[in-house]
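# Observations on the model geometry
These are the residues of each chain, in order.
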Amino acid sequence: MLIQYGVNPDGERMVDFQLKARGISDEKLIAIMSLIPRHLFISGKKRSESYGDYPLSIGCRQTISQPYMVAVMTERLRLAGREKVLEVGTGSGYQTAVLAELAKEVYTVERIPQLLKRSKKLLTELGYQNIYFRSGDGSRGWLEAAPFDRILVTAAASSIPPELKDQLADNGILVIPVGGSSNYQQLTILRRSGNHFTVEKGLGCRFVPLVRE
Ligand code: SAM
């Protein structure tokens, strides 16, 4: 683990009741989600609900995802620790911290500057040195840093943005909620082998929209 976190009883309960009980089995992922102080990523009145089994508002009409959804998306990425990851939708920075613990480096893009500023400050204060931040439309990817071994989009798209497909490395995995409705999407997993792509549709979910600018 990169950062030495102390024991977190709320985090331990969260992983026991929300992750392990629902079949999340990646031990490194479970360990890191039990330790990361999720409450630091949520400010104001909602902080007392940080470990609840649901998404929460983080301001700017955006949300921090439900812990189980963070775990499912991360597990689908099959991280071994050597990967360069693109995250689209930094939001609170919580998912970014999870990725930074389990991959080699994380390139994270957020379109709302206020959210990016806050999460960058927190993640830097926590001591992460393997995260690169950018403000802007992440649906276009991050061309200068591509290709990426893994891409995680934490906002809902009506279809997979072609730029993200192009910037996925050979043998790469992209995880993105896709759906035509604002109330329902499906977690979609795209795998690349050379110029051949396979798509697998998974869990139903509900995310804020991925905004194309
Ligand atoms: N992973 C985040 C967390 O742990 O807090 C949750 C992210 S929230 C569900 C989705 C985020 O995607 C929002 O912060 C939103 O502003 C951002 N977003 C939406 N469209 C975007 C785009 N085109 N580029 C970058 N960020 C985008």
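Quick look at the structure, then. (Residues numbered from 1 in each chain as written. Predicted model: local features only at pLDDT ≥ 70, side-chain atom pairs only at ≥ 80, totals over all residues. Heavy atoms only, no water.)

Counting buried residues in strand β7 (residues 168-178) gives nine out of eleven residues, a clear majority hidden from the surface. Bridging between strand β6 (residues 148-153) and β7 involves four bridges; their strand directions are parallel. Along β7, the bridge assignment pairs Leu152 with Val175. Pairing analysis gives six bridges linking β7 to strand β8 (residues 185-193), with the strands arranged antiparallel. By the bridge assignment, Val175 is partnered in β8 with Ile189. Turn length for the β7-β8 hairpin, with the two strands adjacent in sequence and antiparallel, is six residues. (Buried < 20%, exposed > 50% of the residue type's maximum accessible area, 1.4 Å probe, protein only. Helix = DSSP H or I, 4+ residues; strand = E, 2+ residues; numbered from the N terminus. Pairing = 2+ DSSP bridges.)

Take the site of the ligand next. Taken together, 27 residues lie around the ligand, and Ser92, Glu110, Asp137, Gly138 and Val211 are the ones closest in. At 3.5 Å, a backbone N or O of Gly89 approaches a nitrogen atom of the ligand. Between Arg111 and the ligand, the recorded distance is 3.3 Å, taken from a backbone N or O atom to a nitrogen atom. Secondary-structure elements contributing two or more residues to the shell around the ligand are β2 (62-64), β3 (84-88), α4 (94-102) and β4 (105-110). Top element by residues in the shell around the ligand is β2. It accounts for three residues. Of the residues assigned to the shell around the ligand, the class counts are eleven nonpolar, twelve polar and four charged. (Near = heavy atom within 4 Å. Polar contact = N/O pair within 3.5 Å; in protein donor to acceptor, adjacent residues only side chain to side chain. Nonpolar A, V, L, I, M, F, W, Y, C, P; charged D, E, K, R; others polar.)

In this structure, the amide linkage connecting Ala146 to the following residue, Pro147, adopts the cis form with an omega of 5 degrees. Here Pro147 shows up in the loop between β5 (131-135) and β6. Of note in this structure, Asn171 is not a glycine but carries a positive phi near 65 degrees. Locating Asn171 in the fold gives a position in strand β7.

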